[in-house]
Amino acid sequence: MAAWFLYDGRWWIGTVAGVACCLAAVLGDLVESALKRDLQVKDMSSLIPGHGGILDRLDSILVAAPAGYVVFAFFLGVS
């Protein structure tokens, strides 16, 4: 219901942005995992041991945020 008011009745913009962000997050995670496999490294840092490091916590967001921005900029325009 909130999307109806936020996007002036164009609720499907939120759906497109959600799908784009989900796909980009999965791809970002896969690319980062492939990079770690190629480097033969389990953790990219020792700050969070056992969790893959800081990059493992951020890899999905680093790709999903720009994807969401592009979708919203395309449909809503950039001011």
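Our structure is the block above this text.
A. Representation of the overall build of the chain in the model. The secondary structure content of the chain amounts to 3 helices and 0 strands. Secondary structure elements in the chain, listed N-terminal to C-terminal, are α-α-α. Every one of the 79 residues in the chain was classed for burial, and the buried ones make up 20%. Accessible area for the chain stands at about 5700 Å²; split by element, carbon and sulfur atoms hold 71% of it.

B. Fine view of the packing of aromatic side chains. Under the counting rule described, the total for this entry stands at 2 aromatic pairs. Centre to centre, the rings of Trp-12 and Phe-75 are 5.0 Å apart; their planes meet at 90 degrees, and the pair counts as edge-to-face. With Trp-12 in helix 2 (residues 12–39) and Phe-75 in helix 3 (residues 54–76), this residue pair connects regions lying 63 residues apart in the sequence. Ring geometry for Phe-74 and Phe-75: centres 5.1 Å apart, planes at 80 degrees, overall edge-to-face. Its relative accessible area of 65% is what places Phe-74 among the exposed residues.

Conventions adopted
Residues numbered from 1 in each chain as written. Predicted model: local features only at pLDDT ≥ 70, side-chain atom pairs only at ≥ 80, totals over all residues. Heavy atoms only, no water. Helix = DSSP H or I, 4+ residues; strand = E, 2+ residues; numbered from the N terminus. Buried < 20%, exposed > 50% of the residue type's maximum accessible area, 1.4 Å probe, protein only. Areas by Shrake-Rupley, 256 points an atom, 1.4 Å probe, with all protein chains shown as cover. Phe/Tyr/Trp six-rings, centres within 6.5 Å; stacked < 30°, edge-to-face > 60°.

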